[in-house]
Amino acid sequence: MKKLIIVSVLCFVFQTITAQEKSMEVKSSNEYYSGYSDYFKTVTFKIGGGVLLPQGDLKTYFGASPVIELSLDFPVTKTKSLELALQFVIPDQKQSFQYVRAVDTVNAKASFIFNPTLRFKKNLSRSKVSQFYLGIGLGASVIKTDARNPFYTGNNYEDEKYEVITAFLVSPTLDYVKKFRNNEELTFSLGLNYSPYKIEGSLQENIGSIALLPKIMYSF
């Protein structure tokens, strides 16, 4: 009888410990997903547009061009965040440039410009209704031209049908954010895009590198 009681007590203790461990696991899992969900609520999605205004030598080749931008802002601290932005530019090209290939040199024009950028942003001042941000973006500026790739066969998915020019991109920005109800925000931004497009092996002439980018972004 004594042995039976001891075995019963040990079984009860074992079941209690196991139930507590499972409860802790569920609680830990719930806390993890709850924390993840709470953080995701702080991520801001923005959509908007602006105008790319070429400066210096770049004005010879491009005119004012419309820009569409999509971005996700990930808070890091109360005053700092990381923003992943994608810019789509429809270029207004005034003059073609010479594109140097392995077999020949052709006159080419830009048909599309794509700028993926990662921005490091710092909050300079904030209130309940407005904020100021200073940011610096690092990424790439990719120009898709109308010059066909002479080696394109369609069999290799890595080959581009048209020649492209890729240069690194540095983009400082200054943002004024106006807050509204229901987490809606309106951002007025002024940025500068610096991309040295003169690259050895493809575009040897200096077509310029600097453009201003005023834009308006909306988040909800």
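What you see is a predicted model, and the numbers here were worked out from it, not measured in a lab.

A.B. asks: What exactly am I supposed to notice about the nonpolar core here?
C.D. replies: One recurring pattern in soluble globular proteins: nonpolar side chains tend to sit buried together. If you look at the biggest cluster of nonpolar residues, it comprises 21 residues, and the most contacted ones within it are Phe62, Phe97, Tyr197 and Ile207. Listing elements by their share of this core, those giving two or more residues are helix 2 (58-61), strand 4 (97-100), strand 5 (105-108), strand 6 (110-126), strand 7 (130-148), strand 8 (162-179) and strand 10 (210-219). In contact with Ile207, other than residues within four places in its own chain, are Asp57, Leu58, Tyr61, Phe62, Phe97 and Tyr197.

A.B. asks: Sorry if this is basic, but what is going on with the sheet that holds strand 6 here?
C.D. replies: Strand pairing in a sheet takes place through backbone hydrogen bonds and is either antiparallel or parallel in direction. Taking strand neighbours around the barrel as the criterion, the eight strands line up as 1-2-3-6-7-8-9-10 in a closed arrangement whose pairing is antiparallel. The average angle at which neighbouring strand axes cross in this sheet is 25°, direction not considered. Here strand 1 (residues 44-54) pairs with strand 2 (residues 65-75) via nine bridges, running antiparallel. In the strand pairing of strand 2, Phe45 is matched with Leu72.

A.B. asks: I tried to follow the environment of Glu185 on my own but got confused; where do I start?
C.D. replies: Residue placement: Glu185 occurs in strand 9 (residues 185-194). Each C-alpha atom of the pair Glu185 and Lys46 lies 8.7 Å from the other, and the pair is 139 residues apart in sequence. Non-local contacts of Glu185, meaning those with residues more than four positions away in its chain, are made with Thr44, Lys46, Val177, Lys178, Lys179, Phe180, Met217, Tyr218 and Ser219. At 2.5 Å, the side chain of Glu185 and the side chain of Lys179 are in polar contact.

A.B. asks: What is the right way to look at the side chain of Arg119 in this model?
C.D. replies: Along the chain, the position of Arg119 falls in strand 6. Of note is the side chain of Arg119, whose polar atom sits 3.2 Å from the side chain of Glu69. Here Arg119 is in contact with Glu69, Ser81, Leu82, Glu83, Ala85, Gln87, Ile136, Gly137, Thr173 and Lys215, once residues within four sequence places are set aside.

A.B. asks: Explanation requested: the pairing of strand 5 in the structure shown.
C.D. replies: Consecutive side chains of a regular strand alternate in pointing toward one face of the sheet and then the other. Only one face of strand 5 is buried, namely the one carrying Val106 and Ala108, since none of Thr105 and Asn107 on the opposite face is buried. Linking strand 4 to strand 5, which pair antiparallel, is a turn of four residues.

A.B. asks: Help me understand the pairing of strand 9 in this model?
C.D. replies: Going residue by residue along strand 9, you find Glu185, Thr187, Ser189, Gly191 and Asn193 tucked away on one face and Leu186, Phe188, Leu190, Leu192 and Tyr194 left uncovered on the opposite face. Here eight bridges tie strand 8 to strand 9, and the two strands are oriented antiparallel to one another. Counterpart to Tyr176 in the pairing with strand 9 is Phe188. What sits between the antiparallel neighbours strand 8 and strand 9 is a turn of five residues, in which Asn182 has the positive phi angle 60°.

A.B. asks: Explain the packing of aromatic side chains to me, please; I cannot follow it from the model alone.
C.D. replies: For any pair of aromatic rings, the description rests on two quantities: the centre-to-centre distance and the angle between the ring planes. For the structure shown, the criterion picks out five aromatic pairs. Ring centres of Phe88 and Phe112 lie 6.3 Å apart, and the angle between their planes is 35°; this geometry places the pair in the tilted category. Here Phe88, found in strand 3 (residues 80-89), pairs with Phe112, found in strand 6; they are 24 residues apart in sequence, far enough to count as distant. A relative accessible area of 31% means that Phe112 is categorised as partly exposed. Grouping aromatic residues by their ring pairs yields a cluster made of Phe88, Phe112 and Phe114. The cationic tip of Lys121 hangs over the ring face of Tyr133; the distance from NZ or CZ to the ring centre is 4.8 Å.

Calculation notes
- Residues numbered from 1 in each chain as written.
- Predicted model: local features only at pLDDT ≥ 70, side-chain atom pairs only at ≥ 80, totals over all residues.
- Heavy atoms only, no water.
- Core = buried A, V, L, I, M, F, W, Y, C linked by side-chain atoms within 4.5 Å.
- Buried < 20%, exposed > 50% of the residue type's maximum accessible area, 1.4 Å probe, protein only.
- Helix = DSSP H or I, 4+ residues; strand = E, 2+ residues; numbered from the N terminus.
- Contact = heavy atoms within 4.5 Å.
- Pairing = 2+ DSSP bridges.
- Axes fitted to C-alpha atoms, helices over the stretch in contact; angles between N-to-C directions.
- Polar contact = N/O pair within 3.5 Å; in protein donor to acceptor, adjacent residues only side chain to side chain.
- Phe/Tyr/Trp six-rings, centres within 6.5 Å; stacked < 30°, edge-to-face > 60°.
- Lys NZ or Arg CZ within 6 Å of the ring centre and 35° of its normal.

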